[in-house]
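# What the coordinates show
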Amino acid sequence: MEHRGGCGADNDSGDGSGVMTSIPWDLFDNWAENQGIASFDKLHTGVGMIFLPQDDKLIEEAKKVIVNTFRQEGLEVLGWRPVPVNTSVVGFYAKEAMPNIQQVFVRVVKEENVDDIERELYICRKLIERAFASESWGSELYFCSLSNQTIVYKGMLRSEVLGLFYSDLQNDLYKSPFAIYHRRYSTNTSPRWPLAQPMRFLGHNGEINTIQGNLNWMQSRETSLKSPVWHGRENEIRPFGNPKASDSANLDCAAELLIRSGRTPDEALMILVPEAYKNHPTLTIKYPEVVDFYDYYKGQMEAWDGPALLLFSDGKTVGACLDRNGLRPARYWRTIDNVVYVASEVGVLPVDDSKVTMKGRLGPGMMITADLLSGQVYENTEVKKRVAASNPYGKWVSENMRSLKPVNFLSATVLDNETILRRQQAFGYSSEDVQMIIETMAAQGKEPTFCMGDDIPLAILSQKPHMLYDYFKQRFAQVTNPAIDPLREGLVMSLEVNIGKRGNILEVGPENASQVALSSPVLNEGELESLLKDPQLRAQVLPTFFDIRKGVEGSLEKTLYKLCEAADEAVRNGCQLLVLSDHTDELEATRPAIPILLAVAAVHQHLIQNGLRMSASIVADTAQCFSTHQFACLIGYGASAICPYLALETCRQWRLSAKTVNLMRNGKMPTVTIEQAQTNFCKAIKAGLLKILSKMGISLLSSYCGAQIFEIYGLGKEIVDLAFYGSVSKIGGLTFDELARETLSFWVKAFSEDTAKRLENFGFIQFRPGGEYHGNNPEMSKLLHKAVRQKSESAFSIYQQHLASRPVNVLRDLLEFKSDRAPIPVGKVEPALSIVQRFCTGGMSLGAISRETHEAIAIAMNRLGGKSNSGEGGEDPIRWSPLTDVVDGYSPTLPHLKGLQNGDTATSAIKQVASGRFGVTPTFLANADQLEIKIAQGAKPGEGGQLPGKKVSAYIARLRNSKPGVPLISPPPHHDIYSIEDLAQLIFDLHQVNPKAKVSVKLVAEAGIGTVASGVAKGNADIIQISGHDGGTGASPISSIKHAGGPWELGLTETHQTLIENGLRERVILRVDGGFKSGVDVLMAAAVGADEYGFGSVAMIATGCVMARICHTNNCPVGVASQREELRARFPGVPGDLVNFFLYVAEEVRGFLAQLGYEKLDDIVGRTDLLKPRDMSLVKTQHLDLNYILSSVGLPKWSSTAIRNQEVHSNGPVLDDNLLADPEISDAIENEKEVHKTVKIYNVDRAVCGRVAGVIAKKYGDTGFAGQLNITFTGSAGQSFACFLTPGMNIQLIGEANDYVGKGMAGGELVVTPLENTGFCPEDATIVGNTCLYGATGGQIFVRGKAGERFAVRNSLAQAVVEGTGDHCCEYMTGGCVVILGKVGRNVAAGMTGGLAYILDEDDTLIPKVNKEIVKIQRVTAPVGQMQLKSLIEAHVEKTGSTKSSSILTEWDNYLPLFWQLVPPSEEDTPEACAEYQSTAAERVTLQSA
Ligand code: SF4
């Protein structure tokens, strides 16, 4: 399992590995005997495995405190055992931090049963931890375990040395009926010895995305948690969380509390990590008691949400469970001698298949447990039923939980137009907010989209007033905790939230169910009224205004404190619902509203600090909330629900306005009623909230509430500490007084003498004269066009002056260079042609932009030796050879371009692999100089790309293996990246298929990116790209453009410095992009640590874009971002324009370098000492702090050039090298011959066949190979088996495989069968893992057995026969044919826009499992469809020997009516799907395969 773990820069210090077992009493008795100690009384002895400090004195000090604590608790210390270790196997970094490891044996005298003994030990440990908490070295003491049942051996070790390090683990006396083994790959904390896993109860493969909220809520609970088992000692066992520990450690802590308080481990895990029980037909119909259990707990314990495979044990039970979305692999198998294994991979243990009676996998939300005393194994439903039956949860819920009944929207406005306008002004609305956001949502029921990124200043830099929300950026999942898909996998998500007191989770009873359940957090006025009337809630409304007449007493800050006190008092008096309200009959000029976000967050924090938060919910009744981001902020900082009364009134006013009425009457706008307008608005908000949750990988709003998943840009410490404690705020900013001033600037507008007749347009979205400054503006684009088209240096210097004199727009504008050297002549500086080689263009897809633009950019970059980026969508192979036919600037090869030269190549040096895998074929990959994995993009991190149907021309469709006119949507996550080890696997796959291409990973700047980047570097990436939030060209929701991601200056600083600190900086090239326009940007980025520099929007402008900003409409007036022929014909650009631009930029860089006295860009990379703050004032604050950017942790050991010039990282020796070295195979490839081979395979052999496929694709393309490689593998294949197969590769696997089988295959044949003579029934067994056939573009696969989740996602042409699948099969499929001869999971065919699926439904359970949003479900009536199905099943019998298929064929007439055919609209008129299709004559029908 070594390949699933992370390793430090020394390639030796593991991120962590460990094992939990029962206590090896025989071993310890043997030790005791040697020490002259009596053998242990197993019932009464506890064993502690302790990491002690390194220093001898501290060890003695620590031991003294430990011994005293045990004594005080009445426990007798029997002895200390130094744990025998072999330090020679420990890596350099790990050894530096290695603790002294000892075991302590204690006798518990006063308790007689195991649970009480365990509790006593738990109390002792907590007391000891407390005693050390105040010591400066307290963190050096750590109990891996202290238990009478279990023990944990772990450390900063690699898998293979764990057993060598701890010699106990090799001792024959070490016996245990179970073992939980874990190998860590850390990405959210730096590796440390205590953070290795397993923890004390569980080992966790995953991430808890809601950790900040979970910590807050656990802290809130501390005072209310009580249980008789603690005999009043609850105070002594606090706290129940540690913000400095990892997410897994905190989850372990919460589980431990529940279990020590009397819950069983399976019950604790069901409470903490609930499955997606809604929309679950099996549970609802067969196991309603399980649904009741989850309903009961949903209002009491927020889910610890995120991808997770959890293995747990208390020593009596051992079990495993999977997160609600099934985002981690978990395979299990049972043997005839009653051993159960669960593991992330098959093949990790040598198991005789003839003894295996069952091979399965845990599906989403599933659990398996084994009772270690009775030997009984409980599978999912048995476990859940048993737990759920322990109390009458259904009765308690039905008798105590109230559901809020929907109340109709108001059918008329409440206020007159003038009052509405005044209120909108007072509360900070602009005309863009009303017209582009609120009205669009009211009219269309969805968020508005826009394009070309966010090019206005951060709120703190802006000269315009902003609402407080604009200082917050949404955080999002990258790499380790994947975004989930609110559109296609929304069934695991929920916006439900409960209102009212949260009871004592340590006890169960009907009173805990006494809450009000809301279906969403968006309330209308009537619904809020209902809540206020609920007698049990005892709601209290707290007005949120401050009073400027009262001076300091009425100041914003003082008023906030008073508000918190009022909330405090109300809750202490029994109020269970606090309504913070800025709703008033009359606005008063001197009583402005507190920003509602500040009010909510301050009260939330105050109640947490004072132990009252569980007693009441917070609801905001506010005018200051109308966008999805604003709702998300309020919920993220503690509001359970919001009544956006002024936004609803604005919807009503819009609907009743004469303008709207006329537009509807004239048919220029669809007619909606006043109620529909409000429903639409709420619908858009809810969809937007789901999207915001999902981009952080969170499924449940109840877990998002209070999770504070935002980064703050521009608020000072006093504000953050009071209201937003725990959120990252790196650059400081506004004080309370400054914030009050900004708030007041809105308020006074409503009361000025000459009140404006309409709302002000600040120009935050669209450029307008007098409005907010936009980095990309018409003047700038004109100046740039002139400079590059005229090739005029003086014109370029005017462009430079324009940039130099712009208002402060980005953080780097606040910095300038200082030098420690005298200037040198420019002639001494490295040439421009060397500098431009560090330049790249953004990943703009062919499809989003036109062929002309895409090719012109690529040609320009190739002329310069820089790099263009294909973006997502593939590339026409015609572009891969240099042009030789150019005459007068024109070439018949690329007839639509002008300004060409012979020798030009239009290939994109960087070829992108994004989540949709559009155009990603073996040949595409094999022809890349570099391969980029796009994890996130600046304009919409955490969301998938989308190409509207009208942009999918025939040409675009051909390159993407799709159908013209059908929209192409990419999933938010790469379905083969659900963890850092998955990313490492995809990097491995790409290095496999093209070992000459450097692999880059594109991330977006946000807090924590340094640790993520370290994980990516350890994952063997060659390049890490950091994008700023301001990038982006394609269509995105406005809220995503504006409110997600951070400035690259901060992201780059964190990445560069963290990599240096971890000794990893030399491994990777750092590339940065986001709003680059000039040489100054390049120099700034270099000084902060970047080696290479990306230009996005400005490259489009240089080739002709005039910033009309309608790219998302396909109507680009200059043919830059349109696929319409007539508009493309207007494309004004030539490659030379871009060449000129980059040469000017490079010259600018040279000029600056000369002034600084440096000869090479190399010399200033990472030199923050050459930067200083500019002497200037910002309009809003003088408290911005740029020290973070100016800090330094030293320089990389290598020069930037040396880092850039290093070889492509290698996969090391791989099985494919052996295959390619085989003379017969190489001869068959070289001369297109046929060869047969049989090869043994193990799970460490990953991406097998990928390299062979790359060699074939490079030589013959995706279809040209006429040879036959017939290779049979036997054993357990590692991940990505048979990836990127090409035609002519006929691969058979006898055994089993892990995840990603057949990933990206473009042709050939793949057959997977179990070994002969197994002890299990093949059609019941899972023999291939998750996400098989992802992004396949051709070929056939036959599997005798079942597949895991997400089978055939984004398949576009391949055909498959398999005997069962997990959830989400055929998701996002755009072509091909999938036959499933057994049971499937939920959410079949979500987002399936092409291809066909045939599914056998023997027990009539399929229909509720199908996602019918796009596909229709029908019996197989078309004769051609029947033929297609039958012939594929015949092929399956022939290839696999499947008995299931044979029986189907034998009784074909009986089985055929049991098949369903899933048909998306694009296939409805095909002969396979349409029984009435006219041309059924067999000879005229082209079957896709048969
Ligand atoms: S000119 Fe074309 S590419 Fe440029 S912003 Fe407008 S629509 Fe987009």
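Preceding this section is the structure that the text describes.
Residues numbered from 1 in each chain as written. Predicted model: local features only at pLDDT ≥ 70, side-chain atom pairs only at ≥ 80, totals over all residues. Heavy atoms only, no water.

Along the chain, Gln197 connects to Pro198 via a cis peptide bond; the corresponding omega equals 5°. In this structure, Pro239 follows Arg238 across a cis peptide bond, with omega equal to -5°. With respect to the secondary-structure elements, Pro239 resides in the loop between α6 (211-221) and α7 (247-260). In this structure, Ala1282 is a non-glycine residue whose phi angle is positive, near 60°. Structurally, Ala1282 can be placed in the loop between β41 (1268-1277) and β42 (1289-1297). On the accessibility criterion, Ala1282 (0% relative accessible area) is buried. (Helix = DSSP H or I, 4+ residues; strand = E, 2+ residues; numbered from the N terminus. Buried < 20%, exposed > 50% of the residue type's maximum accessible area, 1.4 Å probe, protein only.)

Now for helix α43 (residues 1250-1260). Most of α43 is tucked away: 8 of the 11 residues are buried. Here α43 has its buried residues at Gly1250, Arg1251, Val1252, Ala1253, Gly1254, Ile1256, Ala1257 and Tyr1260. Packing partners of the buried residues in α43 comprise α29 (922-926), α31 (980-993), α41 (1215-1221), α42 (1223-1231), β41 and β42. Taken from the residues just after α43, Gly1261 is the one with a positive phi, measuring 80°. (Contact = heavy atoms within 4.5 Å.)

The subject of this paragraph is the sheet that holds strand β16 (residues 402-403). Taken together, 3 strands build an open sheet; the order of strands is β16-β20-β19 and the sheet is mixed. Two strands in the sheet have a free side with no partner beyond their single neighbour: β16 and β19 (497-499). In this structure, β19 lies alongside strand β20 (residues 516-518), joined through 3 bridges in antiparallel fashion. Note that in β20 the partner of Val497 across the bridge is Leu518. (Pairing = 2+ DSSP bridges.)

This part takes up the pairing of strand β38 (residues 1092-1095). Residues Glu1092 and Gly1094 of β38 are buried on one face, and the alternating residues Tyr1093 and Phe1095, pointing to the opposite face, are buried as well. As judged from the 3 bridges shared by strand β28 (residues 839-843) and β38, these two strands associate in the parallel manner. Bridging from a neighbouring strand, Thr841 pairs with Phe1095 of β38. When strand β37 (residues 1069-1073) meets β38, the two strands line up parallel, connected through 3 bridges. Paired with Val1072 across the bridge in β38 is Tyr1093.

Once that is clear, we can look at the site of the ligand. Every one of the 13 residues lining the ligand counts as a neighbour, but Cys1105, Ala1108, Arg1109, Cys1111 and Cys1116 are closest to it. Of the residues contributing to the shell around the ligand, the split by class is 12 nonpolar, no polar and 1 charged. (Near = heavy atom within 4 Å. Nonpolar A, V, L, I, M, F, W, Y, C, P; charged D, E, K, R; others polar.)

Turning to the pattern of salt bridges, a few remarks are in order. As enumerated under the stated definition, the model contains 82 salt bridges in all. A salt bridge links Glu553 to Lys558; the shortest N-O distance between them is 3.9 Å. Where Lys1303 meets Asp989, a salt bridge forms, and the shortest distance between an N and an O atom there is 2.4 Å. Taken as a pair, Lys1303 in the loop between β42 and β43 (1306-1313) and Asp989 in helix α31 lie far apart in primary sequence, 314 residues in all. The exposure class assigned to Lys1303 is buried, which follows from its relative accessible area of 1%. Ionic contacts of the salt-bridge type, sharing partners, join the residues Arg125, Glu129, Arg200 and Glu256 into one network. (Salt bridge = Lys/Arg side-chain N within 4 Å of Asp/Glu carboxyl O.)

For the rest of this paragraph, the subject is the environment of Arg538. Tracing the sequence through the fold places Arg538 in the loop between α15 (525-533) and β21 (540-543). It is 9.5 Å that separates the C-alpha atoms of Arg538 and Asn573, two residues lying 35 residues apart in sequence. Dropping the residues within four chain positions of it, Arg538 is found in contact with Asn573, Gly574, Cys575, Gln576 and Leu577. For Arg538, the side chain forms a polar contact with the main-chain oxygen of Asn573, separated by 3.1 Å. (Polar contact = N/O pair within 3.5 Å; in protein donor to acceptor, adjacent residues only side chain to side chain.)

The strand order across the open sheet built from 4 strands is β21-β22-β23-β24, with neighbouring strands paired in parallel fashion. Of all strands in the sheet, those bounded by a partner on one side alone are β21 and β24 (639-643). Ignoring strand direction, the axes of neighbouring strands in this sheet form an average angle of 25°. Judged from the 4 bridges that link them, strand β23 (residues 617-621) and β24 form a sheet pairing that is parallel. Within β24, the residue paired with Asp621 across the bridge is Cys643. Each of β21, β22 (577-581), β23 and β24 touches α15; the most contacted strand, β22, lies at about 140° to it. (Axes fitted to C-alpha atoms, helices over the stretch in contact; angles between N-to-C directions.)

Further remarks concern the state of the cysteines. Counted by the stated rule, this structure contains 0 disulfides. Cys625 forms no disulfide, and the closest cysteine sulfur to it belongs to Cys633, at a distance of 8.8 Å. Look at Cys625 and you get buried, because its relative accessible area is 0%. (Disulfide = S-S within 2.5 Å.)

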